Amino acid sequence: MTDVSPLVLVVDDDPALRDSIAFLVTSVGYDCRCFASAEEFLGDWRDDRPACLVADVRMPGMSGLELQKRLAESKSGLGVIFVTGHGDVPMAVRAMRGGAIDFLQKPFNDQLLLDRVREALAHSAATRATAAERALVETRLARLTARERDVLRQVVAGKANKQIAADLDISIKTVEVHRHNVMDKMEAASVAELARSVGDRL
Amino acid sequence: MAVSGFVLVIMSVLRSSRFFLGRLFPGLLFLAALSWSTFAHGADVREIRVGVLAYRGADRATDSWTGTFTHLNRALPQWHFTMAAGDLAFLDTEAAAGRLDFIITNPGHYVELETAYGASRIATVESIGGPPPAAAVAATVFIRADQAGIKDIADLRGRTLAAVSPETFGFRQAWREMSEQGVDPFADSSKLRFVGFPADNVVEAVRRGDADAGIVRACLIESMAAEGRVQTGEFRVLAAQSLPTPGCQISTRLYPDWPFAKLAGTSDALAKQVAQALLSMPAGADGQSWTVPVDYHSVHDLYRILKLGPYQALARRGLSDLLWQYRHWLALFGLGFLWWVIHVLRVQVLVRRRTEELRAANETARQHREELDHAGRLSLVGEMASGLAHEINQPLAAIANYAKGCLRRLESRGEPEQIVHGLQQIAAQAERGGDIVRRMRDFVRKRPVDIKLVRMEQVIEEAIMLFTPVARRKQVELRLTPCPHLPAVQADPVQMEEVVLNLLQNAVDAVESSDRRQIELSAAAGPAGLTLSVCDSGPGISPASIDHLFEPFFTTKPQGLGLGLSLCRSIVESHGGRLWTENRAEGGAVFHVFLPAAKEPFR
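Residues numbered from 1 in each chain as written. Chains lettered and ligands numbered in written order. Predicted model: local features only at pLDDT ≥ 70, side-chain atom pairs only at ≥ 80, totals over all residues.

A. A look at the overall build of chain A. Regarding its fold elements, chain A presents 9 helices and 5 strands. Each helix (α) and strand (β) of chain A, taken in turn from the N terminus, gives the series β-α-β-α-β-α-β-α-β-α-α-α-α-α. Sequence-distant contacts, at least 24 apart, represent 63% of the contacts inside chain A between residues at least 6 apart. (Helix = DSSP H or I, 4+ residues; strand = E, 2+ residues; numbered from the N terminus. Contact = placed C-beta atoms within 7 Å.)

B. A look at the nonpolar core. All names here are of chain B. Within the largest apolar cluster, 82 residues are counted, with the highest numbers of intra-cluster contacts made by Val52, Ile103, Val202, Val206 and Ile215. Each of domain 1 (3-135 + 256-320) and domain 2 (139-250) contributes no fewer than three residues to this core. Leaving out residues up to four positions away in the same chain, Val202 has contacts with Ala162, Ala163, Val164, Val195, Gly214, Ile215 and Val216. (Core = buried A, V, L, I, M, F, W, Y, C linked by C-beta atoms within 7 Å. Buried ≥ 20, exposed ≤ 12 C-beta atoms within 10 Å, placed from the backbone. Domains from an automatic or database assignment.)

C. Region of interest: the environment of Leu378 of chain B. Secondary-structure assignment places Leu378 of chain B in helix α15 (residues 327-411). Between the alpha carbons of Leu378 of chain B and Met440 of chain B there is a distance of 9.9 Å; along the sequence they are 62 residues apart.

D. Broad picture of the packing of helix α1 (residues 15-27) of chain A against helix α16 (residues 416-444) of chain B. Here α1 of chain A crosses α16 of chain B at 150°, and the two axes come no closer than 11 Å. The angle between α1 of chain A and α16 of chain B places the two elements in the roughly antiparallel class. Taken as a pair, α1 of chain A and α16 of chain B cross one another with a handedness that is left-handed. Contacts between α1 of chain A and α16 of chain B involve Ala16, Asp19, Ser20 and Phe23 of chain A from the first element and Gly422, Gln425 and Gln429 of chain B from the second. Broken down by class, the residue content of the contact of α1 of chain A with α16 of chain B amounts to 2 nonpolar, 4 polar and 1 charged. (Axes fitted to C-alpha atoms, helices over the stretch in contact; angles between N-to-C directions. Parallel < 35°, antiparallel > 145°, perpendicular 65-115°, else oblique. Left-handed = near helix turned anticlockwise from the far one by under 90°. Nonpolar A, V, L, I, M, F, W, Y, C, P; charged D, E, K, R; others polar.)

E. Focus on the sheet that holds strand β5 (residues 102-105) of chain A. Residue and element names in this part refer to chain A. Strand order in the open sheet formed by 5 strands is β2-β1-β3-β4-β5, with parallel pairing between adjacent strands. At either margin of the open sheet sits one strand with a lone partner, and together these are β2 (31-35) and β5. Shown here is a sheet whose adjacent strand axes are inclined to one another by a mean of 20°, direction ignored. Of the strand pairs in this sheet, strand β4 (residues 79-84) and β5 are connected by 4 bridges, and their pairing is parallel. In the strand pairing of β5, Ile81 is matched with Asp102. Along the sheet, helix α5 (residues 110-143) contacts β1 (7-11), β3 (51-56), β4 and β5; its crossing angle with β4, the most-contacted strand, is approximately 160°. (Pairing = 2+ DSSP bridges.)

F. View of the interface of chain A and chain B. Contacts between the two partners involve 18 residues from chain A, matched on the other side by 23 residues from chain B. Ranked by residue count, the leading element in the side of chain A that touches chain B is α1 of chain A, at 8 residues. Across the side of chain A that touches chain B, the residue classes tally to 8 nonpolar, 5 polar and 5 charged.

G. A look at unusual backbone geometry. For the bond from Lys106 of chain A to Pro107 of chain A, the omega torsion is -10°, close enough to zero to count as cis. With respect to the helices, strands and loops of the structure, Pro107 of chain A is situated in the loop between β5 and α5. Within the chain, Asp169 of chain A stands out as a residue other than glycine whose phi angle is a positive 60°. For Asp169 of chain A, the location among the structural elements is in the loop between α7 (161-168) and α8 (172-185). One non-glycine residue, Lys307 of chain B, lies in the positive phi region at around 55°. Mapping Lys307 of chain B onto the fold places it in the loop between α12 (297-306) and α13 (312-316).

H. Quick look at the pairing of strand β21 (residues 589-596) of chain B. Residue and element names in this part refer to chain B. What you see with β21 is a clean split: Ala589, Phe591, Val593 and Leu595 sit on the buried side and Val590, His592, Phe594 and Pro596 on the side with no burial. Of the strand pairs in this sheet, strand β19 (residues 529-536) and β21 are connected by 7 bridges, and their pairing is antiparallel. Each bridged residue has a counterpart across the sheet, and for Val534 the counterpart in β21 is Phe591. Where strand β20 (residues 578-583) lies against β21, 6 bridges are found, and the strand directions are antiparallel. Within β21, the position partnered with Asn583 by the bridge is Ala589. Here β20 folds back onto β21 in antiparallel fashion, the turn holding 5 residues, of which Gly587 has a positive phi close to 100°.

I. Structural context of the packing of α15 of chain B against helix α18 (residues 493-511) of chain B. All names here are of chain B. Running from amino to carboxyl end, α15 crosses α18 at an angle of 40°, the nearest separation of the two axes being 11 Å. One way to sum up the angle between α15 and α18 is to call them oblique. Note on packing geometry: the crossing formed by α15 with α18 is left-handed. Residue-level contacts link Asp373, Gly376, Arg377, Leu380, Glu383 and Met384 of α15 to Gln495, Glu498, Leu501, Asn502 and Gln505 of α18. Of the residues that constitute the contact of α15 with α18, the class distribution is 3 nonpolar, 4 polar and 4 charged.

Written as structure tokens, this is what we have:
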């Protein structure tokens, strides 16, 4: 996560429209990258920063809706805003069901697009933050030994040391050592914090 | 009567014109010859008038025929014979008035009187010791002896001729001979001189060289030689034959001597008695007597050949007679001709009218064609409308984005270069939109067909520009195979664009429900022209449709008018080209358009 500044990705086969969208979003300070086709985008794009996608629905080759499907399959959290010259209801419905943020008809209101972009970027950032936290917990969990995991499970379940020792058929002393190690490795300050970060992941 | 006496035929003895002798003759000379017999027989004696042709004046005539009149009055005392001497005109007038009972005249005049006044000969004069009365009269054609160029009568063509007058029997005899030699004195002589009486004038004219040849009565030269007025050997006679008695050279055949003829009103009894008296008349001192009338057929022949006198009608009325004889055929022919003229006129009028109608029909047809063409283009644009609307929407959307981007940059005091870029783009996009509108308008506008030298590359490019958004909207991949070095064609560019667009639209419609949506436009130059092909990846053409594909109002599309392909074919064919279709082996259909190359290439 070297660059966290948000990025607007534009995919449209019409160069003028592509460039004009970029021109609009850069006017409010976003970074912007343009692609002439869905194929070019998929080949080039790295999911390494908060971003949102502004895409035309109809394009030669892979259409916008297909691209949306591909992104969903790859479980990327990229928010998609569709712009289209010829909106028809069934297409909009399909797009929205596929998880699109919005379906805008050209020529669109600039504020509307920018609002949607901002929302999408915020959503992207949030998704990315959650994902990062989860990844951290996983890393920490991976450092635990099997016995420490058992102890962690008991601790999160709210059991006292004595009860844990009895359940696991180990000494209280040993439980205490494990518990200390778990708190240490999970970098948790309290049992409450530990329980929140681990959640239902065990 | 000597031959020389009556070879001179028609004349005005006194002065007179050369042609109309009678007019100038000083009236009739009425001579009451032998008046003594009038007194002898008293008032109850009936007068018998005998006309006499006086060719040397009344006195000479009287002298010539005195013996005859004396004999008649003596032999037939119950009548009193008087002599009415005069020229041809005088005699004709008297005969016409019925004032003559008998007439003595030359053979030519007699033949004319036969027809005109029913004259009929009762005796022919005879000269004792002279030629036979059936062959006594002839004429002489002579030249100067030193004239080397003329050998025969046939040589007279183009020469100058001299004669007394055209009405003398001598001239007519010579005329006949010339005519039989193929010489027409009136047409073939360089000059025909009628010198008038006396006939000596003719000899003088030839002697002086005023004329190359002269025509006179037989024996004139000889008598002038006898009188010493002509030297022996001075003249030479053409086609000379000798008349044994009295020894003259003549150039013509011989004709009978003068007749004594009764006129129509004279009774046969009188005529019989007069004839008997004449035949019984003894020869006088001049050797003159009368014999039975001879045959005047030869004179008739002459008049018939020359179409004179009684045979004038042959010359004058020949054509009208012929016309009358063939009047039925002529009427038929005239009717036929009239029918033909009417037919020709009618045909002309009809042709003109039909031509006018055809022109009007052509004009109407042309207008209809243009209307249909226009309707076809409107319909095509209608089919393309959503694509075209999108194409106009694109620059509008871009303009809106650039404008808002500029505003935001201005508000946030953004970089001026950025704002300039945005404004430039706004201008460019406005132009782009305008271009599309212009193209559409050019395509749809109603206008007359304008055939000119056209580059098909340009037509294809224009069509592709209009059609790309249409294909994109339908998510059809439109491929254009580069087609270099196409020959120029003579065509209406808008109609050509219409053809290309129709084929593209047709291809797009064909692939709309296919998985693979691909159409391809290609063109290739051939020896005679170029072939443009539009392939599609659709289902191909069903066998049921393939025969009706180019018929107007045949369509397989729910919203189609069925005009496109039929219009395309009529446009292509009106440009001398061909439009055909086939299914491709790899699937889909292909439409080919062949257009002949223009005669003159681009300069």
